[in-house]
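# Structural features, examined
The residues making up each chain are set out below.
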Amino acid sequence: NDTNILLQVEKSLSPKEYHFRAPFFSTVTEDGKIYIPQYTFDTFEKEMEYAVKAQIDYFAYVWYDGAMGICRRMHGQSKYRNQVKLCPCLDGNAINKEYARDEISELLEKDFFMTVLDGRPLMYYFGNGRNQADIQREIAFYKDVCRKKNIPEPYAVIMNNSWGDVLAHGGDAVSKYAVGAQDGLPFAGLMDKTRKVWEWWLNDNGHIVPIISAGWHSKTRYDNPVKWMTVPENSWGGYATGEQIAELTRDAFDFIKEHPENCEANTAIIYAWNEHDEGGWICPTIAVDGNGKQIMNSDGTPRINDERIRALAAM
């Protein structure tokens, strides 16, 4: 039906100029549309294998209930779970929700839960300007859970807020979910914009988890609107090369090294692994020609574009 998220993503990626953005396990149908098959554990393991190659330490999962949480629930079964760990990125789908509290409380003690600063569980909160009080209650809840389990208290990173707001609501560091682009801003311009965000936080003398951008191009959702958000016509920037993403990642690591007191957690976060239709991704995609037709290998298997993975692997 028209509210099915997967079908909406398929539709937004189906114009031929967007086929190259579709995840590696997709196919282009005979009528030129994107088809994304039912997700399997084998596919998840392949994604984890790619993440290991790209030197990614953890996935910060936006915490959904139901089918949108399938990868998170597979994570603990992966043979790579201690190479690519997990932590939550909590928004309105999970903040103060019983299902999320139950799951996360159990995961906090797992060896594949990402920690910083000698064992503090890493937790991200998506601030939206209206949910500070909810975030404050959530941080207090997990601090209490950790006290009862006799483990270090969580390291709470609040996104999209000022350092002052982070302090006022019980957070430990500031970060951002994504850095947007408009009117076709070249990715080099988005890189500069991202670096300025880091400097802005530094001027506040806050604790920082730098955001790294892999792009922003949500014109897909303007051309084929989705039910969960409204996208402005100009909400898109130029595409990144793998080397540009690697360069910005190196810059973030240098920033952390240069400001160890501000970047005490010694970590960064990348937008994003798989926002294929929103416009920021590292996950490999299908290889297509200039007309959006899928390219096959000589043995008949689909060719995969893993340029972004290879660029990060070479750092």
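Refer to the structure printed above.
Residues numbered from 1 in each chain as written. Predicted model: local features only at pLDDT ≥ 70, side-chain atom pairs only at ≥ 80, totals over all residues. Heavy atoms only, no water.

### Looking at the pattern of salt bridges
Definition in use: We define a salt bridge as a contact between a side-chain nitrogen of Lys or Arg and a carboxyl oxygen of Asp or Glu at a distance within 4 Å. Strands here mean DSSP runs of E at least two residues long; helices mean DSSP runs of H or I at least four residues long; both are numbered from the N terminus. Only protein chains enter the area calculation, which uses a 1.4 Å probe; residues under 20% of their type maximum are buried, those over 50% are exposed, and those in between are partly exposed.
For the structure on display, the rule yields 19 salt bridges. Between Asp223 and Lys219 there is a salt bridge whose closest N-O contact spans 3.2 Å. Highlighted residues: Asp223 and Lys219, both in helix H8 (residues 219-223), separated by 4 residues, approximately one helical turn. Judged by relative accessible area, Lys219 falls into the partly exposed class, the value being 25%. Because the salt bridges share partners, they merge into one network encompassing Asp192, Arg195, Glu247 and Asp251.

### As for the packing of aromatic side chains
The cut-off we apply is this: Pairs were defined over the aromatic rings of Phe, Tyr and Trp, the Trp ring being its six-membered one, requiring ring centres within 6.5 Å. Orientation was assigned from the angle between planes: stacked under 30 degrees, edge-to-face over 60, tilted for the rest. Charges are assigned to positions over rings by a cutoff of 6 Å between ring centre and Lys NZ or Arg CZ, combined with an angular limit of 35 degrees from the ring normal.
Enumeration over the complete set of coordinates arrives at 14 aromatic pairs. An aromatic cluster is present here, built from Phe24, Phe25, Tyr39 and Tyr50 joined pairwise through their rings. Directly above the aromatic system of Trp281 lies the positively charged group of Arg308, at a separation of 4.0 Å from the ring centroid.

### Comments concerning the nonpolar core
Short version of the rule: Here, nonpolar core refers to any group of buried Ala, Val, Leu, Ile, Met, Phe, Trp, Tyr and Cys residues whose side-chain atoms link them within 4.5 Å. What makes two residues a contact is simply this: any of their non-hydrogen atoms within 4.5 Å.
Membership of the largest hydrophobic core comes to 93 residues, with the highest contact counts inside it found for Trp63, Leu90, Ile104, Leu122, Tyr124 and Trp273. Sort the elements by how many residues they give to this core and helix H7 (residues 187-203) lands first, with 7 residues. Leaving out residues up to four positions away in the same chain, Tyr124 has contacts with Tyr58, Ala60, Cys87, Pro88, Cys89, Leu90, Val157, Met159, Val209, Thr267, Ala268 and Ile269.

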